[in-house]
Amino acid sequence: MSQRRRRSLALLTSGVLALPLLTGCGAGDDEGGPAAAGQDIATTTRDKVADGGVLRWAVDALPDTLNAFQADADATTSRIAGAVLPQLFVLDAKGRPVANPDYLEKAEVIEREPKQVVLYKLNQQAVWSDGREIGAPDFVAQWRALNGKDSAYWTARNAGYERIEKIEKGKTDLEVRVTFSKPYADWRSLFSPLYPKQVTGTPDAFNEGARGALKVTAGPFALGAIDKKTGTAALTRNPRWWGRQAKLDTLVLTAVPRAERPAALAAGKLDLAEIDRSGADRIALARRDASGKGAAGAGGAPAHGPGAAMTPAQATLSWATAFGTDEEKAAQEKESRTKHTESVKRYADEQKALRGFTVRKSLEPAYTQLAMNGASGPLADERVRRAVARALDRQALAELVLKPLGLPAKPVGSHVALAGQQAYADNSDALGGQDAKAAQALLADAGWRRGGKITEPAGAKAGPESAPQDDGKTPAGPGTGNDGLYIVGQDDGANGDRAGTQEEGAAGTDTAVSPADGERDRVSPVLAPAPFGAQQQASLLAQAAMARPVDDAKRSAARDGDAADPAKGSPAPAKQARTSGNMLAKDGKALTLRFVLPAGPGSESLRTVGERISQMLRKLGVNTETTKVADDSFFKDHIASGQYDLALYSWPATAFPATDARPIFAKPEPAADGSLLVEQNYTRVGTDHIDQLFDQALGELDEAQSRELVRKADARIWAAAGSIPLFQRPELVAVKPGLVNAGAFGLGAPRYQDIGWKKAPAAKGKKK
């Protein structure tokens, strides 16, 4: 596995919540402009925060490992690391890395020639929980574990460490000199988190010693008990912490699935939880009802909840059936009415409890994009991709998702950074904005015409489906698990749940696909990002087995009501001569694109956006066939294996795109077995020039020039039209109003020691 790829795996494993790991270029100027949305965390000075208390914070799952550099690390791994381990650089509110004074007095490049040398001056009070000073031995052990030279270390994140030539103590024990063999612009990304040498000093300790426990830590919190039965991980105040003492006594990370969080909040099991749109709506309705502004439903029925959909006529019919003469039906209806009454009461009780919560809002450090598979079919033609892109009203799509939430609705203008980050610049002009005439001209130039003759067999579609690409294979390596990331299957041939498992829908139709039969356990080294926040949980997904072959002759005969005769060959499908009407066609085939979307409960907004995109394309004369697939097969069986034309999913932002964005947009390379090595470039669209610009940016120590090279790469990515950034994802967090310095962190990292409960206001004029 290449070094650049290992770094990307770590980024995807850490996910969009792993902010302390995403550190990079220095901050300090106005490049990148303001963030699209600020933090919403009820910022409060420490003197107004009470000492003590417990915070129950929802996570998607307990971590399989506490080693953030292992392949199955997830968002909870990163959250724990952020609270209990040294983070030399952290992200500010604009997503820019800044030195953490709790650990560093200074860190800077002191030599550029003949080799780059970085000098770290450590906080003289910084010690591990066993009393030992944090120093050069810890840096050396981590470098040797992660530089890729010793395969005994099971690592997933190596980029940057392989460029280090040596590490040595400076003039004092508090100084660490790091010399690089090759210039590395993103040196600030290294050693965050920093593990003690007890974890990184030997392969055995690295591979197994930190999976379930961290005996030595150095953060404002220490790791307490991890209880798999209750799904909790307790973080307690670190008695050896030299900085400002943590305000909370205990921070309890509690595993609760997204769909269950409103109920858990209402039951008093959580104080802080990231929620989806439906959860936010429930809290808004609860607060509205509490204020007396809520309206009753028709006929006095509840205005929302499980009883809201029942009409007076349905209620009358239910009563008549329950007390009718048919005893069997009456018993069934009475049971149904009892369950319904219980659910209505439970919902009402939950709503009453949810009145005590508020929703804090910002925009996540991640953006949703429209991905176009450029490996084969119509989208292999750059003109068609550009036409699809220019048919999109990105502003309307951003408003569709963000405006109802009261969040800024501005399309993202960069593939490699978000507004506020220094590398950000709106380079979308390299492709051009919405322009129906320009899109039509591009399609016409590519040979697609309205009213063209269609001669393909009924049900045939233009696109790569007729010639599936085996480009999802990747080199052998360790499997990965993550916070809502999908482990992608190694064998594209097994990802055949489109072939022979169901009837194909007609162009423009909406179908659903179930996972293929016969799952087999096989771990893949390739990761894909979460397409929606609700699925951020660690999981090892099984590789789908080959779908059972279907005899088309027998299926056709059965459909026609005739017995299949094995002695007779199946006739070739008859060609049907017709015209495409108002839609586009070329070479006898209609222009139909397969649009793959996840079907899970956390992806409603993606499906809504997908429907709107389909409408925009239909005006252009482009058909879309929307297929909704199971969440656990969305990436491994469709995106990574190339079984799609269009798809919607999200990428996390990064503070150092020169390192982390390159594998996402790298030009696919032929592998030894004849397949394509796509790394994380699931659109299969890339150029040598883009790769060269990223490589130049990575080795450029002039930070301004490095960022300019990254922006040039982004402009080229726009021009290639493999993926189209749409909008920054919303971040919705339910909190108890008294909780301060926590909530929707936006692009910034939590400062764990400042999170706490606001002091009660002192009573005025109280008689003693």
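In this text, all values refer to a predicted model and were calculated from it rather than measured experimentally. (Residues numbered from 1 in each chain as written. Predicted model: local features only at pLDDT ≥ 70, side-chain atom pairs only at ≥ 80, totals over all residues. Heavy atoms only, no water.)

1. Regarding the sheet that holds strand β19 (residues 584-586)
Pairing between the strands of a sheet comes from backbone hydrogen bonds, and it takes one of two forms, parallel or antiparallel. Overall, antiparallel pairing links the 3 strands, which are arranged β13-β19-β20 in an open sheet. The open sheet is flanked by β13 (449-450) and β20 (589-590), the only strands paired with a single partner. Both β13 and β19 contribute to a ladder of 2 bridges, which runs antiparallel. Residue Arg449 lies in a different strand from β19, and its bridge partner there is Ala585. (Pairing = 2+ DSSP bridges. Helix = DSSP H or I, 4+ residues; strand = E, 2+ residues; numbered from the N terminus.)

2. Some thoughts on the pairing of strand β5 (residues 117-122)
A large share of β5 lies buried, amounting to 5 of its 6 residues. One ladder, built from 6 bridges, connects strand β4 (residues 104-111) with β5; its direction is antiparallel. Paired with Ala107 across the strands is Tyr120, a residue of β5. Once β4 ends, the chain turns through 5 residues before running back antiparallel as β5. (Buried < 20%, exposed > 50% of the residue type's maximum accessible area, 1.4 Å probe, protein only.)

3. What to know about the environment of Asp249
Take Asp249: it is sitting in the loop between β9 (232-237) and β10 (250-255). For the pair Asp249 and Val54, spaced 195 residues apart in sequence, the C-alpha separation works out to 6.0 Å.

4. Concerning the sheet that holds β4
Pairing within the open sheet is antiparallel, and its 4 strands lie in the order β4-β5-β7-β6. The two strands at the open ends of the sheet, each matched to only one other strand, are β4 and β6 (164-169). Direction aside, neighbouring strands of the sheet carry axes that sit 15° apart on average. Its contacts with the sheet place helix α3 (residues 136-146) against β5, β6 and β7 (175-180), and it is angled at close to 160° to β6. (Axes fitted to C-alpha atoms, helices over the stretch in contact; angles between N-to-C directions. Contact = heavy atoms within 4.5 Å.)

5. Quick look at the nonpolar core
With 106 residues, the main nonpolar core has Tyr120 and Phe191 as its most contacted residues. Here the element with the most residues in this core is α3; it accounts for 6 residues. If near-sequence neighbours (up to four positions away) are discounted, Phe191 is found in contact with Pro86, Leu88, Tyr120, Phe139, Gln142, Trp143, Tyr161, Ile164, Ile167 and Val178. Listed in part, the 59 residues of the second largest apolar core include Val388, Leu442, Leu646 and Ala721. (Core = buried A, V, L, I, M, F, W, Y, C linked by side-chain atoms within 4.5 Å.)

6. Topic: the packing of aromatic side chains
Here the structure, examined in full by the defined rule, presents 20 aromatic pairs. Ring geometry for Tyr120 against Trp187: centres 6.3 Å apart, planes inclined by 80°, an arrangement best described as edge-to-face. Of the two residues, Tyr120 is situated in strand β5 and Trp187 in the loop between β7 and α4 (197-200); the sequence distance between them amounts to 67 residues. The class of Trp187 is buried, set by a relative accessible area of 2%. Counting every residue linked through ring pairs, the aromatic cluster contains Phe69, Phe89, Tyr120, Phe139, Tyr161, Trp187, Phe191 and Tyr195. (Phe/Tyr/Trp six-rings, centres within 6.5 Å; stacked < 30°, edge-to-face > 60°.)

7. Side note on the pattern of salt bridges
Inspection of every chain in the model, using the stated rule, returns 34 salt bridges. Here Asp60 makes a salt bridge to Arg261, at a shortest N to O gap of 3.0 Å. Remark: Arg261 occurs in helix α6 (residues 261-266) and Asp60 occurs in the loop between β1 (54-59) and α2 (75-84); sequence separation between them is 201 residues. Comparing Asp60 with Arg261 shows no difference in burial state: the two are buried. (Salt bridge = Lys/Arg side-chain N within 4 Å of Asp/Glu carboxyl O.)

8. Things to note about the confidence of the model for the chain
For the chain, mean pLDDT is 82; residues scoring 70 or higher make up 78% of the total. Between residues 1-28, whose pLDDT stays under 50, and residues either more than four places distant or in other chains, the model counts 136 contacts. Ignoring residues within four places in sequence, the model shows residues 512-568, a span with pLDDT below 50, making 175 contacts including any to other chains. (pLDDT = per-residue confidence, 0-100.)

9. Digging into helix α18 (residues 688-698)
Considered for burial, the residues of α18 that qualify are Ile690, Asp691, Leu693, Phe694, Ala697 and Leu698. Buried residues along α18 cover an arc of 160° about the axis, so they all sit on one side. Where α18 is buried, its residues meet α16 (657-660), α17 (662-665) and α19 (703-720). (Arc of directions from axis to C-beta.)

10. Remarks on the packing of helix α11 (residues 394-402) against helix α14 (residues 604-620)
Two elements in contact, α11 and α14, have axes whose closest approach is 10 Å; the angle formed by their N-to-C orientations is 155°. In terms of orientation, α11 lies roughly antiparallel with respect to α14. Viewed along their axes, α11 and α14 form a crossing whose handedness is right-handed. For the pair formed by α11 and α14, the contact residues are Ala396, Leu397, Leu400 and Val401 on the first element and Thr608, Val609, Arg612, Ile613 and Met616 on the second. (Parallel < 35°, antiparallel > 145°, perpendicular 65-115°, else oblique. Left-handed = near helix turned anticlockwise from the far one by under 90°.)

11. Examining the pairing of β9
Examined bridge by bridge, strand β8 (residues 221-227) and β9 share 5 bridges and lie antiparallel to one another. Looking across to β9, one finds that Phe221 is bridged to Arg237. Here β8 folds back onto β9, and the loop between the two strands holds 4 residues, one of which, Gly231, carries a positive phi near 70°. With 5 bridges connecting them, β9 and β10 associate as antiparallel partners. Counterpart to Ala233 in the pairing with β10 is Leu253.

12. Things to note about the packing of helix α8 (residues 312-322) against helix α9 (residues 327-354)
Between α8 and α9, the shortest axis-to-axis distance is 7 Å and the interhelical angle comes to 130°. It follows that α8 is oblique to α9 by the angle criterion. Contact with α8, carried on its side by Ala315, Ser318, Trp319, Thr321 and Ala322, involves Lys329, Ala330, Glu333, Lys334 and Arg337 of α9 and no other residues of that element. Grouping the constituent residues of the contact of α8 with α9 by class yields 4 nonpolar, 2 polar and 4 charged. (Nonpolar A, V, L, I, M, F, W, Y, C, P; charged D, E, K, R; others polar.)

13. A few points about unusual backbone geometry
Residue Pro114 is bonded to the preceding Glu113 through a cis peptide linkage, with omega at 0°. Note that Pro114 resides in the loop between β4 and β5. Cis geometry marks the peptide bond from Ser192 to Pro193; its omega dihedral reads 0°. Mapped onto the fold, Pro193 is located in the loop between β7 and α4. Positive phi is not limited to glycine here, since Ala721 has a value of about 55°. Notably, Asn741 is not glycine yet its phi reads approximately 60°, a positive angle. Residue position: Asn741 is located in the loop between β27 (739-740) and β28 (756-757).

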